[in-house]
Amino acid sequence: MQTNQIVLKRTSNTETDFKNLISELNKYLSIVNGEQDAFYAPNNVLDPLDTAVIAYYNGKPIGCGCFKKFDKQSVEIKRMYVEPELRGRGIASAVLNELEKWAKENGFKHTVLETGLKLDDANALYRKQGYEIIENYGKYAGVKSSVCMKKAL
């Protein structure tokens, strides 16, 4: 691993570095979501997946994301996180691009995701990366604090 450079690692969501980053994400979301955290928290628990990406900077885990199969043609992007002090440096874009590349390598044609209406940085990232707002799906249907998006790969 080189220093002063972001390195992306494909792995599973059971890896310790991923779990530690997700712990930080959950704390952050609990604050942002406030009273609604009780609704969102169960949706953030994932079965073991072999489709996770961790971003490292100078050997330290600083960001992550993963995907799971959504339907025959699509995957759902989940658990995107970058440490707050390192945001705005393209790390989330790099993780997202790697997840999309990986999904495409596996034959998927689309990605979908859900993010919170209050998560301005996340909404801006996804729009910048070509995601379009769609009707809220599944558990998020009718939830005014959720924004669902889709992108063709």
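Residues numbered from 1 in each chain as written. Predicted model: local features only at pLDDT ≥ 70, side-chain atom pairs only at ≥ 80, totals over all residues. Heavy atoms only, no water.

### Description of the nonpolar core
- Phe18, Phe67, Ile77, Met80, Leu99, Tyr126 and Tyr131 are the most contacted members of the largest nonpolar core, which has 38 residues in total.
- Elements supplying a minimum of two residues to this core: helix 1 (16–33), strand 2 (52–57), strand 3 (60–69), strand 4 (74–82), helix 3 (91–105), helix 4 (120–128) and strand 7 (146–152).
- Residues contacting phenylalanine 18, with those up to four places away along its chain left out, are Ser12, Asn13, Ala52, Val53, Ile54, Cys64, Gly65, Cys66 and Arg79. (Core = buried A, V, L, I, M, F, W, Y, C linked by side-chain atoms within 4.5 Å. Buried < 20%, exposed > 50% of the residue type's maximum accessible area, 1.4 Å probe, protein only. Helix = DSSP H or I, 4+ residues; strand = E, 2+ residues; numbered from the N terminus. Contact = heavy atoms within 4.5 Å.)

### Some points on the pairing of strand 4
- Counting buried positions along strand 4 yields 9 of 9 residues, so the element is predominantly enclosed.
- Relative to strand 5 (residues 110–116), strand 4 runs parallel, the two sharing 4 bridges. What sits directly across from valine 75, in strand 5, is threonine 111.
- Once you follow strand 4 into helix 3 and on to strand 5, the crossover reads as right-handed. (Pairing = 2+ DSSP bridges. Right-handed = clockwise from strand over helix to strand, strands pointing away.)

### So, helix 4
- Burial in helix 4 covers these residues: Ala122, Asn123, Leu125 and Tyr126. Angularly, the buried residues of helix 4 cover 160 degrees about the axis, an arc narrow enough to put them on a single face. Structural note: helix 4 exposes Asp120, Asp121 and Lys128 on the side pointing more than 90 degrees away from its buried face.
- Along its buried surface, helix 4 packs onto strand 4, helix 3, strand 5 and strand 7.
- Two residues or fewer past helix 4, glycine 130 is found with a positive phi of approximately 95 degrees. (Arc of directions from axis to C-beta.)

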